[in-house]
Amino acid sequence: MIASVSVSDQLEVIESDILPSLPSIEIAFTRSASAPEWLTVKWIEEVIAKLQS
């Protein structure tokens, strides 16, 4: 099982009545005050959005 954002063209999502459905997950991001400025939630959201398109 992997996150849907990680599904590439080489992978296939299998839908089956036999397999149980998987739960949704939530991810929380935190960073320390000393982390680089580019490492922000907004930047991470942009990266994920690019991966999904």
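These notes cover the structure that comes with them. What you see is a predicted model, and the numbers here were worked out from it, not measured in a lab.

## Re the overall build of the chain
And then number 1: Broken down by element type, the chain carries one helix and zero strands.
And then number 2: Against the globule reference of 10 Å for 53 residues, the chain gives a C-alpha radius of gyration of 15 Å, more extended than a compact globule.
And then number 3: The principal-axis extents of the C-alpha atoms in the chain amount to approximately 50 × 20 × 10 Å.
And then number 4: Among the 53 residues that make up the chain, the fraction classed as buried is 4%.
And then number 5: A total of about 5400 Å² of accessible surface is found on the chain, and carbon and sulfur atoms cover 57% of it.

## Brief notes about the environment of Ser24
And then number 1: Mapped onto the elements, Ser24 comes out in the segment before α1 (41-52).
And then number 2: Using a relative accessible area of 74% as the deciding quantity, one classes Ser24 as exposed.
And then number 3: Residues Ser24 and Ala3 lie 21 residues apart in sequence; the distance between their C-alpha atoms is 9.3 Å.

## What to know about the environment of Ser8
And then number 1: Topologically, Ser8 is positioned in the segment before α1.
And then number 2: For the pair formed by Ser8 and Leu51, sequence separation is 43 residues and the distance between their alpha carbons is 9.1 Å.
And then number 3: Engagement of the side chain of Ser8 in a polar contact is seen with the side chain of Gln10, the distance being 3.0 Å.

## Brief notes about a nonpolar patch on the surface
And then number 1: On the surface, a nonpolar cluster with roughly 470 Å² of combined accessible area is contributed by Ile25, Ile27, Phe29, Val41 and Ile48.
And then number 2: Here Ile25 shows up in the segment before α1.

Conventions and cut-offs
Residue positions are counted from 1 within each chain, in the order its sequence is given. Confidence filtering applies because this is a predicted model: local features only for residues at pLDDT of at least 70, side-chain atom pairs given and counted only at 80 or more, and all residues used for totals across whole chains, interfaces and linings. Processing note: side-chain calculations cover all non-hydrogen atoms of the structure and skip hydrogens and water entirely. The way it works is that DSSP assigns letters per residue, a run of H or I at least four long becomes a helix, a run of E at least two long becomes a strand, and they are numbered from the N terminus. Two things to know: the radius of gyration comes from C-alpha atoms, and the globule rule equals 2.2 Å times the number of residues to the power 0.38. Classification of residues uses two cut-offs on accessible area relative to the type maximum, computed with a 1.4 Å probe and protein chains only: under 20% is buried, over 50% is exposed, and between them is partly exposed. Here the open area of atoms and residues is found with the Shrake-Rupley method and a 1.4 Å probe, where only the protein chains shown may cover a residue. The term polar contact refers here to a pair of N or O atoms within 3.5 Å; inside protein, the definition further demands a hydrogen-donor-capable atom paired with an acceptor-capable atom, and it admits residues adjacent in sequence only when both atoms are side-chain atoms. Patch membership needs two things, relative accessible area over 30% and no salt bridge, and members are linked within 9 Å if like-charged or within 5 Å if nonpolar (Val, Leu, Ile, Met, Phe, Trp, Tyr). The term salt bridge refers to a side-chain nitrogen of Lys or Arg lying within 4 Å of a carboxyl oxygen of Asp or Glu.

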